[in-house]
Amino acid sequence: MEPLLEILHDLHPDTDFTRETRLLDDGILVSFDIVMLVTRIEEEYGVLIPAKAITPEHFNSATALYALIRTLLEQDD
Amino acid sequence: MKRTVRTIIGITLALAVFFGALYALTRLVAPKYAETAVEGRLVREYYDEQTPHDVLLLGDCEVFSNFSPVTLYREYGVTSCIRGSAQQLVWQSYYLLEDTLKTETPKVVVYNVLALKYAKPQSEAYNRMTLDGMRWGKAKIGAIQASMTDGEDFLSYVFPLLRFHDRWTELTKEDFRYWFKNAGPVSYKGYLMRTEVRPATETPIPKPLEDPHLPETSMAWLRKMAKLCEQNGIELVLIKSPSIEPYWYPEWDADVRAFADAHGLRYENMIENNAAGIDMQTDTCDMGQHLNVTGAEKLSRWFGKELQDAYGLKDHRGEAAFDADYGALTARYEAEKQEGN
Amino acid sequence: MQFTSWAFLLFLAVLLPVYYLVPKRMQWIVLLLFDALFVCAAGTLGAVFMLVTIGTVYGAARWIDALFFRQRSRIAAMKQTHTKEERKRERLRFEAKRRRVLIGCLVVNVGILFALKYGAAIGRLSATLFHTRAFGSELMLTMGISFYTFSTVGYLIDVYRETIPAEKNPFRLALFVSFFPLLVQGPICRFLDLKNDLFTPHAFSDERFLKGSLRIAWGYWKKLIVADRLLVAVKALCARPDVYRGGVVLLEMLLYAACLYADFTGGIDITIGIGEWLGIGIPENFRRPYFSKGIAEYWRRWHITLGEWFRTYVYYPLSVSKPMRALSTKLRRLGTGVSRRVPVYLATMLVWALTGAWHGSNPTFLVWGLLNGAVILLSEECKPLYARFHRRFPRLTKSAFYRGFTVIRTVLLLSSLRLLDCYSTVGDAFSAFGSMFTTWNWNLVLFGGIQSLGLKWTDYLVAGAGVLLMFAVSMLQRKGPVRERILRRGPVIGVCAILLLVGTVLVFGRYGFGFDAGQFIYNRF
């Protein structure tokens, strides 16, 4: 979880990502951030988030996003 | 329960105010034709008539400017009225006849043939002047449907606000003065008096005709008119009144004559047959387009005699109702004539 | 059928009672029949294209669904007998097959859209190149095709992604594709957003009826009083780029901004209001876009559904696609800054080129799209700069004055870009823009110039009052929906508000003989 929070912090230093739960719905994360985020996650965790997973459900909070990454990691095994 | 009742009352009230306001607005923005384009009042004025008519004259400005019902009565006791308005098209004349027949059946209908040259509606403004004054009924609906130009819609005749709403930018005192009342009478049983004299200085030079014949659509309306007259036992007389402008082509004249012969109707071309003795130096108010009051009286004196001789029209002079009606009318008529001279 | 035609009002007046009088489970069928009427009234050719779309997308979606099903049962059967490698190969085989079905169907449907949009343009081009008779000019854009093609393609991709199952009843899909309020100017809807409302029974509710009526009346108000009035002046200004220059161009930009807003949001108000009448929730397409503090924010608040569509179905898939990732990895030696930016940049510019192309076949739209993309990327790059500025002057940047400045800046920026939408050539647009800084003719703007644009001074007065009211409503909206606040005061107040709107439209609207019944600007898309 730590590396993910670090990436998020790099994108938006002013946001407390441990608490926000409407990142996408409230427009904190915009489309650039998403693509940047996907790129960084791929670099960091080695998983590629597919386009169909880019939904508010997965991107509204750091926890949800981390859960998505875990699922994708497990699928790969 | 109490709330529902209050709501229903509230909404009914709101709707009443709304429709009341729309009605008031419609009256306000509708053109009054009070000082300009007074011809716009002619069609409606017919409904103020108190006495019946033996002769009905139909047509465009060549009837409402050229014939004087006052003269016809004064000279021969012939009762008549004109249902004509600016550039009144043949189907509009037909429907005005239909409209008239709802309340009275004249013995003779005189139709001036100039408008036969138009097969299509010409101008929205003229449509409005003719149609808005008609009373509602089958005839008005038919007239509207036959007359609409491109871009007009029927609904705007039912709710004139839809047509005239933009006139709020050009309202004048006259719109407020005649907001809820009609402007006083402008015509004498459909006759619009002109007193000035402007002689015709040159004879019109006709442009060559593209099509030598009158359009079939207008002739079809004329046929309908003839049939309607026949069904009601009315004599139809076709005339071309003596106005020399716009030009009346011999080819058109031949068409009308052929029609008259085929239907056994009388057709009188008053340019050719100037038995009335119209002089375009003294009898016209606009260089030959319309007659002035001198011309109209001259023409009516001759034409009234012709009608009475041919159709044995009754002399109504001495009947109380007619004398009273025409007495008041004549007083106003003479006053305007005096004022003009 | 236009929203502003008597025929359309009559259509609604017949539909509504029928819709609520038939047995509730028949409602969607009634709706489908009226859709058919609506589409056929717009032209039989358009109906044919729509049928092709419904047919191909229905078939492709069912096929893709079947492939999913076959894949699962096949792989389950292989579990005992085959190795993991073999199972994976089998899965990839099915995936490839599904992709072929998807692409085939997309080619047909996007092809129709492309042919209709560009057919005439290509015809003209080849006519000038080869001196032949222009072909394709008779192929007019059929109504709503840009909107329903996008909605339908979205549905197909959702099925392909297993976000939703394929619809089994072709008539239900047909209703989604042809739902008439959306055909006039969108919004672009997703099947999963609409399907519940479209097919569930609705009882008549006077509350909902009142709510919808208020929204519809407000839509017509904006459209007929403000948009159609200003459109006259905008058209006159756009028609003569050689005459109207300098300060007049600024005036033109502002008039067009107001006109487009009134026209487009007015149309969407009518659409959503009709949806409310029928009990069908249609997504919002605008959130006070002119209050945006930057261009990217503006595009999240203006024509929302189009932006979302492009993000969901083009931007994200493209930027996370394998070739894009490979490119990004390859560029890593140039530094992470470059490698991380390349996907974003490429995807952004491509999406904006497509957005431009979607708006029209004229090259001006392509330039317009690319410039939008470029400005968005530029402002993204400037973010650290802004952050420094904010830290340096915290009191200034938190003030209402500064917020107002950013809002006005955004409106001016977008209005400048929109000049490309006004003129027929890119050159004219740039020349007009440049003249604002070189030609000093404010006397013309302020004294007499605007009188010659086909509007009377009363028209400017009415339009100005209209713009003020729209602004006031937007301001009030920030504290919650204005409509609900009106209706909370009771149905009588609601009815009064509706009647007031209708009455003012009847008097001050631009309609009827003498006024061209204006089309919604967005209808040609």
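Because the structure is predicted, anything quoted here is derived from the model rather than measured.

A. Looking closely at the overall build of chain A. From N to C terminus, chain A includes four helices and zero strands. What you see in chain A, going N to C, is helices and strands ordered as α-α-α-α. The globule rule puts the C-alpha radius of gyration for 77 residues at 11 Å, and the 11 Å found for chain A is close to it. Judged by the C-alpha coordinates and their principal axes, chain A covers about 35 × 20 × 20 Å. When burial is assessed residue by residue, chain A has 29% of its 77 residues classed as buried.

B. Layout of the overall build of chain C. Assigned secondary structure in chain C consists of 23 helices and zero strands. Expected size for 525 residues packed as a compact globule is a radius of gyration near 24 Å; at 25 Å, chain C falls within 12% of this value. In terms of overall dimensions, chain C has a C-alpha envelope of 85 × 70 × 65 Å along the principal axes. A separation threshold of at least 6 residues defines the contact pool for chain C, and within that pool the share at least 24 residues apart is 75%.

C. Structural view of the interface of chain B and chain C. Contacts between the two partners involve 20 residues from chain B, matched on the other side by 13 residues from chain C. Broken down by secondary-structure element, the contributors of at least two residues to the side of chain B that touches chain C are helix 1 (2-29), helix 8 (155-158) and helix 9 (161-164) of chain B. Of the residues forming the side of chain B that touches chain C, the biggest block, eight residues, is contributed by helix 1 of chain B. Considered class by class, the residues forming the side of chain B that touches chain C number ten nonpolar, six polar and four charged.

D. Structural view of the pairing of strand 3 (residues 108-112) of chain B. All names here are of chain B. Burial of strand 3 is extensive: five of the five residues sit out of reach of the surface. Burial along strand 3 is two-sided: the face carrying Val108, Val110 and Asn112 and the face carrying Val109 and Tyr111 are both buried. Both strand 3 and strand 4 (residues 235-240) contribute to a ladder of five bridges, which runs parallel. Bridging from a neighbouring strand, Val108 pairs with Glu235 of strand 4.

E. Representation of the interface of chain A and chain C. Taken together, the contact pairs 16 residues of chain A with 17 residues of chain C. Of the residues assigned to the side of chain A that touches chain C, the class counts are eleven nonpolar, three polar and two charged.

F. Up close: the pairing of strand 4 of chain B. Residues and elements named next belong to chain B. Taking burial as the measure, the six residues of strand 4 include five buried ones, the bulk of the element. In this structure, strand 4 lies alongside strand 5 (residues 266-269), joined through four bridges in parallel fashion. Along strand 5, the bridge assignment pairs Leu238 with Tyr267. As a crossover connection, the stretch from strand 4 through helix 12 (residues 250-263) into strand 5 is right-handed.

G. Main features of the domain arrangement of chain C. All names here are of chain C. Splitting chain C by domain gives domain 1 (6-204), domain 2 (205-282 + 424-520) and domain 3 (315-422). Between the C-alpha centres of domain 2 and domain 3 the distance comes to 28 Å. Tallying the contact residues gives twelve residues for domain 2 and eleven residues for domain 3. At the level of elements, helix 10 (247-278) and helix 19 (426-438) are the ones that each hand at least two residues to the side of domain 2 that touches domain 3. Counting residues per element, the side of domain 2 that touches domain 3 draws most heavily on helix 10, at five residues. In the side of domain 2 that touches domain 3, the residues fall into nine nonpolar, two polar and one charged.

H. Quick peek at the arrangement of the chains. If you rank the two pairs of chains in contact by how many contacts each has, first place goes to chains B and C. Nothing in chain A touches chain B; the tightest C-alpha to C-alpha distance between them is still 40 Å.

I. Representation of the sheet that holds strand 1 (residues 55-59) of chain B within the structure. Residue and element names in this part refer to chain B. Read from one edge to the other, the open sheet built from five strands follows the order 2-1-3-4-5, with strand pairing classed as parallel. Both outer strands of the open sheet, strand 2 (80-84) and strand 5, are each paired with one neighbouring strand and no more. Each neighbouring strand pair of the sheet contributes to a mean axis angle of 20 degrees, computed without reference to strand direction.

J. The nonpolar core, seen in detail. Leu156(C), Val226(C), Leu230(C) and Cys259(C) are the most contacted members of the largest nonpolar core, which totals 137 residues. Ranked by residues supplied to this core, first place goes to helix 10 of chain C with 18 residues. Ignoring anything within four residues of it in the chain, the contact list for Cys259(C) reads Ala227(C), Leu230(C), Leu231(C) and Val234(C). Grouped together as the second largest cluster of nonpolar side chains are 69 residues, Leu131(B), Tyr191(B), Leu291(B) and Ala296(B) included.

K. Examining the packing of helix 13 (residues 322-330) of chain C against helix 14 (residues 336-359) of chain C more closely. All names here are of chain C. The interhelical angle for the contact between helix 13 and helix 14, taken along N-to-C directions, is 145 degrees, at an axis separation of 7 Å. As helix 13 runs across helix 14, the sense of the crossing is right-handed. Together, Met324, Leu327 and Ser328 of helix 13 and Ser339, Val342, Pro343 and Leu346 of helix 14 make up the contact between the two elements.

L. Geometry of helix 14 of chain C. The end-to-end C-alpha distance of helix 14 of chain C is 35 Å, a good match for the 34 Å that 24 residues give at a rise of 1.5 Å each. The sharpest bend along helix 14 of chain C measures roughly 30 degrees and falls at Val342(C), with the proline Pro343(C) sitting one to four residues further on. Among the residues of helix 14 of chain C, Arg341(C), Pro343(C), Val344(C), Ala347(C), Thr348(C), Val351(C), Trp352(C), Thr355(C), Gly356(C) and His359(C) are the ones counted as buried. Looking at the packing, one finds that the buried side of helix 14 of chain C touches helix 2 (31-45) of chain A together with helix 12 (304-319), helix 13 and helix 15 (363-381) of chain C.

M. Summary view of the packing of helix 1 (residues 6-21) of chain C against helix 2 (residues 27-41) of chain C. All names here are of chain C. Contact geometry for helix 1 and helix 2: axes closest at 10 Å, N-to-C directions at 165 degrees. Between helix 1 and helix 2, the angle is such that the two are roughly antiparallel. In the crossing of helix 1 with helix 2, the sense of the turn from one axis to the other is right-handed. Here Phe11, Leu15, Val18 and Tyr19 of helix 1 come into contact with helix 2, specifically with Gln27, Val30, Leu31, Phe34 and Phe38. Counted by class, the contact of helix 1 with helix 2 contains eight nonpolar, one polar and no charged residues.

N. Representation of the environment of Leu24(A). All names here are of chain A. Looking at the secondary structure, you find Leu24 in the loop between helix 1 (2-11) and helix 2. The class of Leu24 is buried, set by 20 C-beta atoms lying within 10 Å. With 30 residues separating them along the chain, Leu24 and Ile54 place their C-alpha atoms 9.9 Å apart. Not counting chain neighbours up to four residues away, the residues in contact with Leu24 comprise Leu29, Pro56, Phe59 and Asn60.

O. Representation of unusual backbone geometry. Residue Pro246(B) is reached from Glu245(B) by a cis peptide bond, and omega for that bond is -5 degrees. Within the secondary structure, Pro246(B) is located in the loop between strand 4 and helix 12. Residue Pro187(C) is reached from Gly186(C) by a cis peptide bond, and omega for that bond is 0 degrees. On the secondary structure map, Pro187(C) appears in the loop between helix 7 (181-185) and helix 8 (191-199). Of note, the phi angle at Gln87(B) is positive, near 45 degrees, even though the residue is not glycine. Within the secondary structure, Gln87(B) sits in the loop between strand 2 and helix 5 (90-101). Unusually for a residue other than glycine, Met287(B) sits at a positive phi of about 60 degrees. Along the chain, Met287(B) turns up in the loop between strand 5 and helix 13 (293-311).

P. Fine view of the environment of Leu385(C). Residue position: Leu385(C) is located in helix 16 (residues 383-392). Residues Leu385(C) and Ile295(C), spaced 90 residues apart in sequence, show a C-alpha to C-alpha distance of 16 Å.

Q. Quick look at the confidence of the model for chain C. Residues and elements named next belong to chain C. For chain C, the mean per-residue pLDDT works out to 85, and 92% of the residues sit at or above 70. Within chain C, helix 6 (residues 170-178) carries the highest mean pLDDT (94), whereas helix 20 (residues 442-446) carries the lowest (68). Overall, residues 134-139 carries pLDDT values under 50, and its contacts beyond four positions in sequence, including any with other chains, amount to 13 contacts. Residue range residues 516-525 is modelled with pLDDT below 50. Its contacts to residues more than four positions away, or to other chains, number 23 contacts.

Cut-offs and rules
- Residues numbered from 1 in each chain as written.
- Chains lettered and ligands numbered in written order.
- Predicted model: local features only at pLDDT ≥ 70, side-chain atom pairs only at ≥ 80, totals over all residues.
- Helix = DSSP H or I, 4+ residues; strand = E, 2+ residues; numbered from the N terminus.
- Rg over C-alpha atoms; globule rule 2.2 N^0.38 Å.
- Buried ≥ 20, exposed ≤ 12 C-beta atoms within 10 Å, placed from the backbone.
- Contact = placed C-beta atoms within 7 Å.
- Nonpolar A, V, L, I, M, F, W, Y, C, P; charged D, E, K, R; others polar.
- Pairing = 2+ DSSP bridges.
- Right-handed = clockwise from strand over helix to strand, strands pointing away.
- Domains from an automatic or database assignment.
- Axes fitted to C-alpha atoms, helices over the stretch in contact; angles between N-to-C directions.
- Core = buried A, V, L, I, M, F, W, Y, C linked by C-beta atoms within 7 Å.
- Left-handed = near helix turned anticlockwise from the far one by under 90°.
- Expected span 1.5 Å × (residues − 1).
- Bend = angle between axes of the 7 residues up to and from the residue.
- Parallel < 35°, antiparallel > 145°, perpendicular 65-115°, else oblique.
- pLDDT = per-residue confidence, 0-100.

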